Amino acid sequence: MAEPVLTYRGTVYPWHCDHMGHMNVMWYVGKFDEATWNLFTTLGITPDYLRSSSRGMVAVEQHLTYQREVLAGDTVAVHSTLLEVREKVMRFRHEMRNASGETAAVTTLTGVHLDTARRVSCPMPAEILDTARRLHSAQAQ
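Everything quoted here is computed from the prediction, not taken from an experiment.

With that out of the way, let us pick up the pattern of salt bridges. Using the criterion set out here, one finds seven salt bridges in the structure. Put simply, Arg-86 and Glu-84 hold a salt bridge, and the shortest N to O gap is 2.8 Å. Exposure remark for Arg-86: the relative accessible area of 43% places this residue in the partly exposed category. The salt bridge partner of Arg-91 is Glu-84, with a shortest N-O separation of 3.2 Å. Each of Arg-55, Asp-115 and Arg-118 takes part in salt bridges that share partners, so that together they form one network.

Quick look at the environment of Val-70 now. With respect to the helices and strands, the residue Val-70 is situated in the loop between strand E2 (55–66) and strand E3 (75–85). Taking C-alpha positions, Val-70 is 5.6 Å from His-22, a pair spaced 48 residues apart along the chain. With residues up to four places along the chain from it excluded, the contact list for Val-70 reads Val-12, His-22, Met-23, Tyr-28, Val-76 and Ala-104.

Contact geometry of helix H1 (residues 25–43) with helix H3 (residues 126–140) gives a least axis separation of 8 Å together with a crossing angle of 110°. Between H1 and H3, the crossing angle belongs to the class labelled roughly perpendicular. Packed against H1, whose contacting residues are Leu-39, Thr-42 and Leu-43, the element H3 presents Ile-128, Thr-131, Ala-132 and Leu-135 at the interface. Among the residues forming the contact of H1 with H3, the class breakdown is five nonpolar, two polar and no charged.

Before going further, it helps to examine the nonpolar core. By size, the foremost hydrophobic cluster in this structure holds 18 residues, and its most contacted members are Leu-43, Ile-45, Leu-82, Met-90 and Phe-92. Among the secondary structure elements, those contributing two or more residues to this core are H1, helix H2 (47–52), E3, strand E4 (89–98) and H3. It is H3 that contributes the most residues to this core, four residues altogether. In this structure Leu-82 touches Leu-39, Leu-43, Met-90, Arg-91, Phe-92, Ala-132, Leu-135, His-136 and Gln-139, once residues within four positions along its chain are discounted. Counting 13 residues, the second-largest nonpolar core is a separate cluster that includes Tyr-8, Cys-17, Val-78 and Ala-105.

Looking now at the layout of surface pockets. Quantified by volume, the largest pocket comes out at close to 180 Å³. For the largest pocket, the lining is made up of 14 residues, of which Asp-33, Thr-36, Trp-37, Ala-59 and Leu-109 are closest to its centre. At the level of elements, H1, E2 and strand E5 (103–115) are the ones that each hand at least two residues to the lining of the largest pocket. The element best represented in the lining of the largest pocket is H1, accounting for six residues. Split by residue class, the lining of the largest pocket holds nine nonpolar, four polar and one charged.

Cut-off values and rules
Residues numbered from 1 in each chain as written. Predicted model: local features only at pLDDT ≥ 70, side-chain atom pairs only at ≥ 80, totals over all residues. Heavy atoms only, no water. Salt bridge = Lys/Arg side-chain N within 4 Å of Asp/Glu carboxyl O. Buried < 20%, exposed > 50% of the residue type's maximum accessible area, 1.4 Å probe, protein only. Helix = DSSP H or I, 4+ residues; strand = E, 2+ residues; numbered from the N terminus. Contact = heavy atoms within 4.5 Å. Axes fitted to C-alpha atoms, helices over the stretch in contact; angles between N-to-C directions. Parallel < 35°, antiparallel > 145°, perpendicular 65-115°, else oblique. Nonpolar A, V, L, I, M, F, W, Y, C, P; charged D, E, K, R; others polar. Core = buried A, V, L, I, M, F, W, Y, C linked by side-chain atoms within 4.5 Å. 1 Å grid on protein atoms, 1.4 Å probe; cavity = no way out; pocket = protein on both sides within 12 Å on 5 of 7 lines; lining within 4 Å. Points joined across faces, edges and corners; volume = space filled by probe spheres on them.

Structure, rendered in structure tokens:
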């Protein structure tokens, strides 16, 4: 079984924290968003591909659970797993861990491949689908 892909590593700064002293929800989503774009780049969904082909990826569903507080000064890493790959759709999971390896938060997202000119979903290119399916298959074993 292939390990989840490391898609983000960073630090929690004081300005990421709310009046209760832990990282605010908007920063969890932001760090997960950065992880998403790193995962996409691993699959071939790069900024250059998106711009040159008038394509995009849109999130259509997201579920997020918080399991442990993250505080200013903590370092976090996000590991990502592909859960489902279809012609136009990918579902994936991000797990945020603190420096001790404890899970701080988990999100599951569904993304749809989009023709940005026509504003409709469209199939991903074969090479992206092949790469995604190989990773999905390796992670599912």
